[in-house]
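Each chain is listed here by its residues.
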Amino acid sequence: GCGGVAGRPTTDVVGADGNTTAVAEMSSGAVIQIGFAFGLGIGATVHLFSDISGGQFNPAVSFGLFFGRQLSLVKACIFSVAQVIGGILGCVVLKVLIGSVPGEVSIAANLSSGTGLFLEFFGTLFLVLTVLATTNGKRGHAAGYSQPLSIGIAIFVLHMFLVTKTGCGINLLAAWQPTYLLDSRLSSSRTL
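Residues numbered from 1 in each chain as written. Predicted model: local features only at pLDDT ≥ 70, side-chain atom pairs only at ≥ 80, totals over all residues. Heavy atoms only, no water.

> Break down the overall build of the protein for me, with residues and values.
Within the protein, the secondary structure is distributed over six helices and two strands. Among the 192 residues that make up the protein, the fraction classed as buried is 36%. Put simply, of all contacts in the protein between residues at least 6 apart along the chain, 64% involve residues at least 24 apart. When the accessible surface of the protein is totalled, it reaches about 10,900 Å², and 68% of it is carbon and sulfur. (Helix = DSSP H or I, 4+ residues; strand = E, 2+ residues; numbered from the N terminus. Buried < 20%, exposed > 50% of the residue type's maximum accessible area, 1.4 Å probe, protein only. Contact = heavy atoms within 4.5 Å. Areas by Shrake-Rupley, 256 points an atom, 1.4 Å probe, with all protein chains shown as cover.)

Written as structure tokens, this is what we have:
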């Protein structure tokens, strides 16, 4: 969600109907920087925590592994609860340290809500399928650096495509928590 559309400079665009809408601007360099930061960061943290939780930070991945018969329902639920708690704690730490929770995710002004939902659904599906493919024991992958690297590359690619359109909220918790839960309640300037 740190590539969120909200909070970026905007340009007013006049549509065919005469209505003016603000369209967020973002340079190619900023998109690449965000993509590399997320791709390499998630790839590294997946590698670091793979022996503890399988490197799962996203409930969609946890439940994808459950549906792919690689994780029990109990573990998927426990990991998802832990991910929610970890996300909330992360938001609190950011709020305390820097005074805000960056990364509000919203759909670009030139896209419909349905288009944004479609893009996010298939982006999340791409991530889940990448994780399922890289953790599939039948493929003969030895545990090592290739699985986290594959996941990091998938996240990089998704950010290259989705940052300017939806903010790339492929982790529902990362997208939802700063936008609605924490920033809204800890900031007096915003309401739910």
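Here the narrative resumes, following the displayed structure.
> Mind laying out the packing of helix α2 (residues 59–67) against helix α4 (residues 113–134), listing which residues take part and the relevant values?
Packing of α2 against α4 brings their axes to within 9 Å, and their N-to-C directions diverge by 50°. As far as their axial angle goes, α4 and α2 are oblique. Seen from above, α2 lies across α4 with right-handed handedness. On α4, the residues touching A60, V61, G64 and L65 of α2 are T124, L127, V128, V131 and L132. Taken together, the residues of the contact of α2 with α4 break down into seven nonpolar, two polar and no charged. (Axes fitted to C-alpha atoms, helices over the stretch in contact; angles between N-to-C directions. Parallel < 35°, antiparallel > 145°, perpendicular 65-115°, else oblique. Left-handed = near helix turned anticlockwise from the far one by under 90°. Nonpolar A, V, L, I, M, F, W, Y, C, P; charged D, E, K, R; others polar.)

> Break down the nonpolar core for me, citing the residues and quoting the values.
Grouped together as the largest cluster of nonpolar side chains are 20 residues, with contacts concentrated most on L127 and I170. If you list the elements that add at least two residues to this core, you get α1 (28–53), α2, α3 (73–98), α4 and α5 (146–166). In this structure I170 touches N58, E120, G123, T124, L127, I155, L158 and L162, once residues within four positions along its chain are discounted. (Core = buried A, V, L, I, M, F, W, Y, C linked by side-chain atoms within 4.5 Å.)

> Go over α1 with me, naming the residues and quoting the values.
Because the α-helix completes a turn every 3.6 residues, residues three or four places apart line up on one side. Taking the largest bend as the criterion, α1 deviates by roughly 40°, centred on H47. G54 sits one or two residues past α1 and shows a positive phi near 80°. (Bend = angle between axes of the 7 residues up to and from the residue.)

> I'd like to hear about a nonpolar patch on the surface, residue by residue, with values.
A cluster of nonpolar side chains, contributed by V92, V93, L94, V96, L97 and I98, occupies part of the molecular surface with about 560 Å² of accessible area. Take V92: it is sitting in helix α3. (Patch = residues over 30% accessible without salt bridge, like charges linked within 9 Å, V, L, I, M, F, W, Y side chains within 5 Å. Salt bridge = Lys/Arg side-chain N within 4 Å of Asp/Glu carboxyl O.)

> So what about the side chain of T124? Which residues, and what values?
By the element assignment, T124 lies in helix α4. Its relative accessible area of 17% is what places T124 among the buried residues. Other than its neighbours up to four places away in sequence, T124 contacts A60 and I170.

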